[in-house]
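The lines below spell out each chain.
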Amino acid sequence: MKNLNKNLIFLFLIALILFGFGLVTKADFNSQINYQGKLTNASGGNVSDGGKCMNFAMYDAETSGSLLWSEEWVASTSYATSSSGIFSVLLGEHQSLSAVDFNQVIFLEVQFDPGCDGVYEEVFSPRKKLGAVPASLEAKKLSGKTEAQFGTLAENEVITGVWNFSNTLTATATNITVGNTTTALTVIQNGSGKLVDFKDGTTSTFVILDGGNVGIATSSPLAKLDVFG
């Protein structure tokens, strides 16, 4: 077996397929990668069926480079099972892919230990460049933040930090409640626009201009308090 494996030819059947985008609403996101390949001997025949010891590693270069992630499929985790030479594994099943930055060029190296003795005699070359599909894992993030880091704007949710709005903010109903002596709301207008403009439909009902003029039922008050009508 070992003599045959020294000349193993590694044939890739399916490069990389991202697994687990649910078709059902609210399905959990599966961040594992389905990887398949075929092992043959020097004569082109299939290796024997059964569990195989393999290691998969991701690097940031085709040769040398930095190791980004690795995962063993051995007795202590689970074997990569082959049938007619074909094996299929879910990368990330034993070692999470969550720490891998897929927003870069990544190469996958496949290693095979025919005797399952802890020595990977077969290191298949060249490494395979990952395509665009695994990069879709980044679609779960926005500017590096995961979905769990964003507020859902649920009732009574506490949202901290500075929020900048460049367009229209729409809310069905908003209440501002302050339980201490801190300022409830601060509005800063860097320019000559309106600080506050409350409207009934399209008609201004209460306006505060940048200069301090306050208007009721007018959108352009001419004094510190200007009541129209």
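Check the entry above for the structure.
Values in this document were obtained by computation on a predicted structure and should not be read as measured data. (Residues numbered from 1 in each chain as written. Predicted model: local features only at pLDDT ≥ 70, side-chain atom pairs only at ≥ 80, totals over all residues. Heavy atoms only, no water.)

Draft legend 1. Structural detail: the overall build of the protein chain. Each helix and strand in the protein chain was counted, giving one helix and 15 strands. Looking at the protein chain as a whole, 27% of its 229 residues are labelled buried. Taking the contacts inside the protein chain whose residues are at least 6 apart along the sequence as the reference set, 51% of them involve residues at least 24 apart. Within the structure as shown, the protein chain displays about 15200 Å² of accessible surface, and the carbon and sulfur contribution to it stands at 52%. (Helix = DSSP H or I, 4+ residues; strand = E, 2+ residues; numbered from the N terminus. Buried < 20%, exposed > 50% of the residue type's maximum accessible area, 1.4 Å probe, protein only. Contact = heavy atoms within 4.5 Å. Areas by Shrake-Rupley, 256 points an atom, 1.4 Å probe, with all protein chains shown as cover.)

Draft legend 2. The arrangement of unusual backbone geometry in detail. Geometrically, the link from Ser125 to Pro126 is a cis peptide bond, its omega value of 0° lying close to zero. Summarising the element assignment, Pro126 is placed in the loop between strand S8 (122–123) and strand S9 (128–129). Of note, Ser64 is a non-glycine position whose phi angle comes to about 55°, a positive value. Structurally, Ser64 can be placed in the loop between strand S3 (50–59) and strand S4 (67–73).

Draft legend 3. Here's a closer look at the state of the cysteines. If you walk through the whole model with that rule in mind, you get one disulfide. A sulfur-sulfur separation of 2.0 Å characterises the disulfide bridge that pairs Cys53 with Cys116. Here the S-S torsion is close to 110°, and the disulfide linking Cys53 with Cys116 is therefore right-handed. Note that Cys53 is positioned in strand S3 and Cys116 in the loop between strand S7 (107–113) and S8, a separation of 63 residues in sequence. (Disulfide = S-S within 2.5 Å.)

Draft legend 4. Representation of the pairing of strand S2 (residues 33–40) in the model. Along S2, seven of the eight residues are buried, which leaves the element largely enclosed by surrounding structure. In this structure, S2 lies alongside strand S6 (residues 86–91), joined through six bridges in antiparallel fashion. In the strand pairing of S6, Lys38 is matched with Ile86. (Pairing = 2+ DSSP bridges.)

Draft legend 5. Summary view of the packing of aromatic side chains. A complete count under the given rule lists four aromatic pairs for this structure. Aromatic side chains Phe56 and Phe87 sit 6.3 Å apart centroid to centroid with 45° between the ring planes, which places their arrangement in the tilted category. Separated by 31 residues along the polypeptide, Phe56 in strand S3 and Phe87 in strand S6 bring together distant segments of the chain. The ring of Tyr59 is capped by Arg127, whose NZ or CZ atom sits 3.6 Å from the centre of that ring. (Phe/Tyr/Trp six-rings, centres within 6.5 Å; stacked < 30°, edge-to-face > 60°. Lys NZ or Arg CZ within 6 Å of the ring centre and 35° of its normal.)

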